[in-house]
Amino acid sequence: MRFVVTAGPTREPLDPVRYLSNASSGRMGFALAEAAARRGHEVVLVAGPVALETPSGVARRLDVVTARDLQGVLAEEVPSCDVLLMCAAVCDYRPVEVVEHKIKREPGVWQLTLEPNPDLLAELAPRKGDRIFIGFALESENGEVNARAKLERKGLDAIALNAPANIGRSTGRLTVIRRDGETLEQGPASKAVLAEGLVRLAEELASPG
Ligand code: CTP
């Protein structure tokens, strides 16, 4: 099957040398790309700015910076995929204005105005068809309730609930919630093992029975 795997943070520029971003390392997404390639799938890895080497077997890597870059790549790549594993930690907001020259230090309080980025998964949902979409939910409280709500809102087949403690580590635990309500606890295990479990789930959901 053809897998599109997104990984890492997005970065939203403020001026030529500053940006808003988050602590995603990209490791989980890269582990997913590697696991899918190892299981014989054609993998397109769409990576935010991360310092990770392309895993062996990945057919194509496309690097993006902003949420809107990622939106453009998904619009191109998702129509021809069978499975989307959406592991990117997309910035929900971006600065309204990107200043051309480095912002200078001034006395007093400075207010930054942000505008929302699109919800990329929610936007893709209406044209999902019979593709399998698996998302991630990063929650610091009410994890399962919030993750289930995201699964519904974003029209996903399954969602992997991730705890902030997993960020940047090579191991972790996930609660995987399927659309049919089944919930699986995975880990603690290496991200490679967790990734293999999610790729197998995508295979099962794509061809039930
Ligand atoms: N996601 C997305 N577009 C966004 C934000 C997130 O497609 N603008 C995707 C992520 O890749 C992930 C899922 O949606 O697969 C959930 O991301 P998360 O950051 O947990 O949730 P948000 O939708 O950002 O909601 P909130 O910030 O309210 O928790």
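Look up a bit, the structure's there.
Parameters and conventions
- Residues numbered from 1 in each chain as written.
- Predicted model: local features only at pLDDT ≥ 70, side-chain atom pairs only at ≥ 80, totals over all residues.
- Heavy atoms only, no water.
- Helix = DSSP H or I, 4+ residues; strand = E, 2+ residues; numbered from the N terminus.
- Expected span 1.5 Å × (residues − 1).
- Buried < 20%, exposed > 50% of the residue type's maximum accessible area, 1.4 Å probe, protein only.
- Near = heavy atom within 4 Å.
- Polar contact = N/O pair within 3.5 Å; in protein donor to acceptor, adjacent residues only side chain to side chain.
- Areas by Shrake-Rupley, 256 points an atom, 1.4 Å probe, with all protein chains shown as cover.
- 1 Å grid on protein atoms, 1.4 Å probe; cavity = no way out; pocket = protein on both sides within 12 Å on 5 of 7 lines; lining within 4 Å.
- Sits in = over half its atoms within 2 Å of the grid points.
- Nonpolar A, V, L, I, M, F, W, Y, C, P; charged D, E, K, R; others polar.
- Contact = heavy atoms within 4.5 Å.
- Axes fitted to C-alpha atoms, helices over the stretch in contact; angles between N-to-C directions.
- Parallel < 35°, antiparallel > 145°, perpendicular 65-115°, else oblique.
- Left-handed = near helix turned anticlockwise from the far one by under 90°.

Account for helix α5 (residues 191–206), naming residues and giving values.
The first and last C-alpha atoms of α5 sit 22 Å apart over 16 residues, in line with the 22 Å expected at 1.5 Å per residue. Burial in α5 covers these residues: K191, L194, A195, L198, V199, L201, A202 and E203.

So what's going on with the site of the ligand? Which residues, and what values?
Surveying the vicinity of the ligand reveals 14 residues, the closest of which are A88, D92, F136, K150 and K154. Within the backbone of L120, an N or O atom sits 3.0 Å from a nitrogen atom of the ligand. In this structure, an oxygen atom belonging to the ligand sits 2.7 Å away from a side-chain N or O atom of K154. Alone, the ligand offers 570 Å² of accessible surface; in the complex the protein occludes 79% of this. In a pocket analysis with a 2 Å cut-off to the grid points, the ligand is assigned to the largest pocket. Broken down by secondary-structure element, the contributors of at least two residues to the shell around the ligand are α3 (120–124) and β9 (132–138). The element contributing the most residues to the shell around the ligand is β9, with four residues. Among the residues forming the shell around the ligand, the class breakdown is nine nonpolar, one polar and four charged.

Can you explain the side chain of N162? Please cite residues and give values.
Mapping N162 onto the fold places it in strand β10 (residues 158–162). According to the relative accessible area criterion, N162 is buried, its value standing at 16%.

Break down the environment of V50 for me, with residues and values.
Mapped onto the secondary structure, V50 falls in the loop between β4 (42–47) and β5 (60–63). Residue class for V50 comes out buried when judged on its relative accessible area of 18%. Separated by 25 residues in sequence, V50 and S25 have C-alpha atoms that sit 6.4 Å apart. Those residues within four positions of V50 in sequence are excluded, and the remaining contacts are G8, P9, S25, G26, F30 and R61.

Tell me about helix α1 (residues 27–38), and name the residues and values.
Residues spaced three or four apart along an α-helix point in a common direction, a consequence of the helix completing one turn every 3.6 residues. For α1, spanning twelve residues, the distance from its first C-alpha to its last is 16 Å, which sits close to the expected 16 Å at 1.5 Å a residue. Counting buried residues along α1, nine of its twelve residues qualify, which places the element largely inside the surrounding structure. Among the residues of α1, M28, G29, F30, A31, L32, A33, A35, A36 and A37 are the ones counted as buried. Downstream of α1 by a residue or two, G40 has a phi angle that is positive, lying close to 90°.

Run through the packing of α1 against α5, naming residues and quoting values.
Two numbers describe how α1 lies on α5: the axes approach to 8 Å, and their chain directions differ by 55°. Here α1 lies oblique to α5, going by the angle between them. In this structure, α1 crosses over α5, and the sense of that crossing is right-handed. Every residue of α5 that contacts α1 at R27, M28, A31, L32, A35, A36 and R38 is listed here: K191, A192, L194, A195, E196, L198 and V199. Its residues placed into classes, the contact of α1 with α5 shows ten nonpolar, no polar and four charged.

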